[in-house]
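Coordinate analysis (summary)
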Amino acid sequence: MFLGHYAVGLAAKRFSPGASLGTLLFAALWGDLLWSALLLAGVERVRIVPGFTGVSPFVFEYYPWSHSLAAALFWAGCFVLVCRAFRGSARAAFVLGALVLSHWFLDAAVHRPDLPIGFAGQARAGLGVWDSSPATLVLEGALFVIGAWFYFGSTRPMDSIGRYAAMTFAGLLVIIYAGQFAGVSPPDVDVAAKTGLAQAFLILFGFWVDRRRHPKV
Ligand SMILES: [Zn+2]
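Read on for an overview of the structure. Everything quoted here is computed from the prediction, not taken from an experiment. (Residues numbered from 1 in each chain as written. Predicted model: local features only at pLDDT ≥ 70, side-chain atom pairs only at ≥ 80, totals over all residues.)

The helix and strand inventory of the protein chain stands at nine helices and six strands. Relative to its length of 217 residues, the protein chain is compact, with a C-alpha radius of gyration of 17 Å against a globular reference of 17 Å. When its C-alpha atoms are laid out on the principal axes, the protein chain stretches across 45 × 40 × 30 Å. A buried classification covers 41% of the 217 residues belonging to the protein chain. Here the analysis covers contacts within the protein chain between residues at least 6 apart in sequence; of these, 68% occur between residues at least 24 apart. (Helix = DSSP H or I, 4+ residues; strand = E, 2+ residues; numbered from the N terminus. Rg over C-alpha atoms; globule rule 2.2 N^0.38 Å. Buried ≥ 20, exposed ≤ 12 C-beta atoms within 10 Å, placed from the backbone. Contact = placed C-beta atoms within 7 Å.)

Structure, rendered in structure tokens:
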């Protein structure tokens, strides 16, 4: 899933107005950022088979540290503790933890039953929406519209940068997603992992956009 994770990060601004959009996106995308780093490190494994599902070419072989439910709970707890250690409010910590955990449940909607429950990885979950391109488009599109509606409804621009950069950011996400959806597969795992880590630039974009917008509440 791509747009859906960004959608929950955008929507979370409504519930944690003091947190930067960049921080919220970092929490929502943590599972995939960690996965990309662990692929490069050779700890987790994936194969690329174009056409494996209607949308995603990835055959996930081993990824319990980034994508098991047990790991999601562990990382969510870490985000809560770090947020509190940096004097974040209990509400902000809860929202960050929920975002980290949301990653597993959103992925469970679209993946085939390959998402591990525990670290050992025998029990797996996945509803397989990725097998249907139209269903994936409806699901991720609806989530993104709701997420953007929450973000734009709970913040207002300080200046023209805040207005147009935010719109550019949302448009950029849609363009990237359209490219993925059109079936552009990474040529190898190395490129896939580096592309995943390149989402750090989108998170930085989120930090910058958010500095130019005020929470409405
Ligand atoms: Zn994921």
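Position of glutamine 199 relative to the elements: it lies in helix H9 (residues 199–211). By C-beta crowding, glutamine 199 is classed as buried, having 20 other C-beta atoms within 10 Å. Sequence separation between glutamine 199 and leucine 143 is 56 residues; the distance between their C-alpha atoms is 19 Å. In contact with glutamine 199, not counting residues within four places along its chain, are Leu29, Asp32 and Leu33.

One finds Ala27, Leu96, Leu99 and Val100 to be the most contacted residues of the largest nonpolar core, which totals 60 residues. The element contributing the most residues to this core is helix H5 (residues 90–110), with 12 residues. Setting aside residues no more than four positions away along its own chain, alanine 27 makes contact with Phe79, Leu96, Leu99 and Val100. (Core = buried A, V, L, I, M, F, W, Y, C linked by C-beta atoms within 7 Å.)

A pair of packed helices is characterised by two quantities: the angle between their axes and the separation of those axes. The geometry of helix H1 (residues 3–12) relative to helix H2 (residues 21–40) is characterised by a closest axis approach of 8 Å and an angle of 140° between their N-to-C directions. Comparing their axes, H2 and H1 come out oblique. As for how H1 packs across H2, the hand of that crossing is right-handed. Two secondary-structure elements touch here, H1 through His5, Tyr6, Val8, Gly9, Leu10 and Ala12 and H2 through Leu21, Leu24, Leu25, Ala28 and Leu29. Of the residues in the contact of H1 with H2, the class split is nine nonpolar, two polar and no charged. (Axes fitted to C-alpha atoms, helices over the stretch in contact; angles between N-to-C directions. Parallel < 35°, antiparallel > 145°, perpendicular 65-115°, else oblique. Left-handed = near helix turned anticlockwise from the far one by under 90°. Nonpolar A, V, L, I, M, F, W, Y, C, P; charged D, E, K, R; others polar.)

So, on to H9. With 13 residues, H9 should cover 18 Å at 1.5 Å per step; its first-to-last C-alpha distance of 19 Å lies within 8% of that length. Those residues of H9 not exposed but buried are Gln199, Ile203, Phe205, Gly206, Val209 and Asp210. All buried residues of H9 lie within an arc of 155° about the axis, which places them on one face of the element. Contact partners of the buried residues in H9: H2, helix H7 (160–181), helix H8 (189–197) and strand S6 (213–215). (Expected span 1.5 Å × (residues − 1). Arc of directions from axis to C-beta.)

A word on unusual backbone geometry. Non-glycine residue arginine 87 carries a positive phi angle of around 65°. By secondary structure assignment, the location of arginine 87 is in the loop between helix H4 (69–85) and H5.

Now for the environment of tyrosine 62. Looking at the secondary structure, you find tyrosine 62 in strand S2 (residues 58–62). In this structure the C-alpha to C-alpha distance between tyrosine 62 and alanine 7, which are 55 residues apart in sequence, comes to 26 Å.

Interhelical geometry of H1 versus helix H6 (residues 133–154) gives an angle of 20° and a closest axis separation of 7 Å. Taken together, the axes of H1 and H6 lie roughly parallel to each other. Crossing of H1 over H6 shows left-handed handedness. Here Leu3, Gly4, Tyr6, Ala7, Val8, Leu10 and Ala11 of H1 lie close against H6, whose contacting residues are Leu139, Glu140, Leu143, Phe144, Ile146, Gly147, Ala148, Phe150 and Tyr151.

Take the environment of valine 80 next. Tracing the chain through its elements places valine 80 in helix H4. Note on valine 80: 20 C-beta atoms within 10 Å, which makes it buried. Spatially, the C-alpha atoms of valine 80 and phenylalanine 201 are 24 Å apart, while their sequence positions differ by 121 residues. If sequence neighbours within four positions are ignored, valine 80 has contacts with Ala93, Leu96 and Gly97.

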